[in-house]
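Residues per chain, in single letters:
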Amino acid sequence: MSSLNRFVERVQSIWAPLSSAVVAGCQQQLDELLKTPATEPWLAELHQQAPAQQEMHRDPDNGFVLLAHTEPEGLYRPPHDHGRSWVIYAVQQGEIEMGTYAKVQDSDGKVKLVKRGSTTVSAGQTLVFLPGDIHDTQCISGPALLFRFTERDLKKEDQEAGKLTRYVKQDGDWVPAIQCIPGWLKS
């Protein structure tokens, strides 16, 4: 059995609604997945093909998804959240810097982000983001190969209005993308 199949089976065996135990169990399984030798066929193929994004598993019963991403050094993904979903990033190769943000509202009701800090996630490490957590990512040593484990299909989540929030730079501040479009309701 490949380490990828073992990962899926073990996550299926502990799957339940969001709790500290489920998140810790999934993170532990991703930690184990990161120890896979680069010679294992599925991982060797990922390194060789270096896809920008590849679905590794979509669980038909529980809904969780495991994606692999290869990111070039310098690639920056602006602040965003994952809506109702929780996510675990696992870096297999390279380093990714992940910043975290708090959403604040000024006296005029305008929302902006304030950066809390950042963490460098190196090969062999994982980082969890819970529902509503806001973060950005930047590949600082690449190419990086990372896994993104999501509790649900984020493409479906993104299509539901108001579920995921992306932020854009406006007048030096990160603001919700929808807040920048005249005539639209602020998110």
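Just so we're clear, the structure is a prediction, and the values are computed from it rather than from any experiment. Residue positions are counted from 1 within each chain, in the order its sequence is given. Per-residue local features are limited, in this predicted model, to residues with pLDDT of at least 70; the limit for side-chain atom pairs, both in listing and counting, is 80 or more; totals at the level of whole chains, interfaces and linings are taken over all residues. Hydrogens and water molecules were not included; the side-chain quantities draw on all heavy atoms of the structure.

Peer 1: Please explain the overall build of the protein chain as it appears in this structure.
Peer 2: The helix and strand labels rest on DSSP assignments: H or I over at least four residues marks a helix, E over at least two residues marks a strand, and numbering proceeds from the N terminus. The helix and strand inventory of the protein chain stands at four helices and nine strands. Listed N to C, the secondary structure of the protein chain is α-α-α-β-β-β-β-β-β-β-α-β-β in terms of helices and strands. Put simply, the radius of gyration uses C-alpha atoms, and a globule should come to 2.2 Å times the residue count raised to 0.38. Taken over C-alpha atoms, the radius of gyration comes to 17 Å for the protein chain, in line with the 16 Å a tight globule of 187 residues would show. Over its C-alpha atoms, taken along the principal directions, the protein chain stretches across nearly 55 × 35 × 25 Å.

Peer 1: Looking at this structure, how should I read helix 2 (residues 20-33)?
Peer 2: Residues lying three or four places apart along an α-helix face the same way, a consequence of the helix completing one turn every 3.6 residues. Multiplying one less than the number of residues by 1.5 Å gives the expected span of a helix. Compared with an ideal rise of 1.5 Å per residue, which puts 14 residues at 20 Å, helix 2 spans 20 Å between its outermost C-alpha atoms and is within 8% of the ideal. Exposed residues in this analysis have more than 50% of their type's maximum accessible area, buried residues have under 20%, and partly exposed residues fall in between, with area computed by a 1.4 Å probe over protein chains only. Of the residues making up helix 2, those classed as buried are Val22, Val23, Gly25, Cys26, Gln29, Leu30 and Leu33. Projection of helix 2 onto a plane perpendicular to its axis shows the buried side chains occupying an angular sector of 165°, all on one side. Projecting away from the buried face of helix 2 at angles above 90 degrees are the exposed residues Ser20 and Ala21. Contacts are assigned to residue pairs that have any heavy atoms within 4.5 Å of one another. Tucked inside the fold, the buried residues of helix 2 contact helix 1 (3-14), helix 3 (41-49), strand 2 (65-71), strand 4 (87-105), strand 6 (126-129) and strand 7 (134-150). Directions pointing from the helix axis toward each C-beta atom define the arc.

By themselves, these observations are geometric and do not establish any function.
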